[in-house]
Amino acid sequence: HTQLRAHPAQGAPVRAGSRAEPTEGEVLSYVDLLIENLPRLEGPDHLVDFRGSWRVWQEDAGLLEQRYEHILSRDALQVLHVLRGKPDALKEACSSWYELVLANLLFAQPTLRRTDLAGLVDGAVAEFDKTNYGTYDYILIAVMLDDPKHALDNVAAAQGHGWLLCHLADILLRAGQVE
């Protein structure tokens, strides 16, 4: 993150004659740079490196928020809060349970184990009114909770007993996921 740490908005030395405090536009350009440099996990062999990069990236976002919150608009601060994975900001920014799951995976818990996904899904589902859920919501929930039987039941409810259900059941049977 050398590029991030050397950016003027982060407090690096500035040219003689320039203002000591950056403008909102300059701080927003740093937020842009921060987003461009969001760490990405290259594979399971790079988990330790990713965790280190993620920690530094989160520190950069926190430092930016701390130093320049008085300069930034409410919307820009909300973006920083989302990037930092703050639960209230994620909830406010998301309009559905699956958006909340994805936002948490991207910005709050990027190294969450698959075995721990159920807790995240259950928490997100609890945040939204289930009366607005459609059949496809229940299909996604069943898939994310590793519940192939309920996924198949929901596919049957949504699509009938046509080719999709037959082929999906066949694939799951061959994979040993259903009996």
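Here is what the cut-offs are and how they apply
- Residues numbered from 1 in each chain as written.
- Predicted model: local features only at pLDDT ≥ 70, side-chain atom pairs only at ≥ 80, totals over all residues.
- Heavy atoms only, no water.
- pLDDT = per-residue confidence, 0-100.
- Contact = heavy atoms within 4.5 Å.
- Helix = DSSP H or I, 4+ residues; strand = E, 2+ residues; numbered from the N terminus.
- Expected span 1.5 Å × (residues − 1).
- Buried < 20%, exposed > 50% of the residue type's maximum accessible area, 1.4 Å probe, protein only.
- Salt bridge = Lys/Arg side-chain N within 4 Å of Asp/Glu carboxyl O.
- Phe/Tyr/Trp six-rings, centres within 6.5 Å; stacked < 30°, edge-to-face > 60°.
- Lys NZ or Arg CZ within 6 Å of the ring centre and 35° of its normal.
- Axes fitted to C-alpha atoms, helices over the stretch in contact; angles between N-to-C directions.
- Nonpolar A, V, L, I, M, F, W, Y, C, P; charged D, E, K, R; others polar.
- Core = buried A, V, L, I, M, F, W, Y, C linked by side-chain atoms within 4.5 Å.

### A closer look at the confidence of the model for the chain
For the chain, per-residue confidence averages 86 on the pLDDT scale, and residues scoring 70 or more make up 89% of the total. Segment residues 11-17 is flagged for pLDDT under 50; beyond a separation of four residues in sequence, or across chains, it makes seven contacts in the model.

### Here we look at helix α3 (residues 47-68)
Here α3 is 22 residues long and its end C-alpha atoms lie 31 Å apart, about the 32 Å a rise of 1.5 Å per residue gives. Phe50, Trp54, Val56, Trp57, Gln58, Asp60, Ala61, Gly62, Leu64, Glu65 and Tyr68 are the residues of α3 that are buried.

### Describing the pattern of salt bridges
Counted by the stated rule, this structure contains seven salt bridges. Between Glu65 and Lys86 there is a salt bridge; the shortest N-O distance is 2.9 Å. Separated by 21 residues along the polypeptide, Glu65 in helix α3 and Lys86 in the loop between α4 (74-83) and α5 (87-93) bring together distant segments of the chain. The partner of Asp153 in a salt bridge is Lys149, with the nearest N and O atoms 2.9 Å apart. One end of the pair is Asp153 and the other is Lys149, both in helix α9 (residues 148-159) and four residues apart, which spans about a single turn. By relative accessible area, Asp153 is classed as partly exposed at 38%. A residue is classified by how much of its surface remains accessible, and Lys149, at 52% relative accessible area, is exposed. Because the salt bridges share partners, they merge into one network encompassing Glu65, Arg84 and Lys86.

### Description of unusual backbone geometry
Unusually for a residue other than glycine, Asp146 sits at a positive phi of about 55 degrees. Along the chain, Asp146 turns up in the loop between α8 (135-144) and α9.

### Describing the packing of aromatic side chains
The geometry of an aromatic ring pair comes down to the distance between the two centres and the angle between the two planes. Tallying each qualifying case throughout the model produces four aromatic pairs. A centroid spacing of 6.0 Å and a plane angle of 25 degrees characterise the contact between Phe50 and Trp54, whose relative ring orientation is stacked. Placement of the pair is Phe50 and Trp54 together in helix α3, with a separation of four residues, close to one helical turn. The pair Phe50 / Trp54 is uniform in exposure class, with both members buried. Among the aromatic side chains, those forming a connected cluster through ring pairs are Phe50, Trp54 and Trp57. Positioned over the ring face of Phe128 is Lys91, at 4.3 Å from the centre of the ring.

### Details of the packing of helix α6 (residues 97-108) against α8
Close contact between α6 and α8 brings their axes to 11 Å; oriented N to C, the two are set at 35 degrees. Here Trp97, Tyr98 and Val101 of α6 lie close against α8, whose contacting residues are Asp137, Leu140, Ile141 and Met144. Its residues assigned to classes, the contact of α6 with α8 comprises six nonpolar, no polar and one charged.

### Observations regarding the environment of Val79
Examined against the element boundaries, Val79 turns out to sit in helix α4. Given a relative accessible area of 36%, Val79 falls into the partly exposed group. In this structure, the C-alpha to C-alpha distance between Val79 and Ala93, residues 14 residues apart in sequence, is 8.9 Å.

### Re the nonpolar core
Among the nonpolar cores identified, the biggest contains 35 residues, and Leu34, Leu64, Leu80, Leu83, Trp97, Val101 and Val121 are the most heavily contacted of them. When residues of this core are traced back to their parent elements, those giving at least two are α2 (24-36), α3, α4, α5, α6 and α7 (117-126). Ranked by residues supplied to this core, first place goes to α3 with six residues. Beyond its immediate stretch of four places on either side in the chain, Leu80 contacts Val31, Leu34, Ala61, Leu64, Glu65 and Leu72. Counting residues in each nonpolar core, the second largest holds seven residues, with Leu152, Val155, Ala156 and Val178 among its members.

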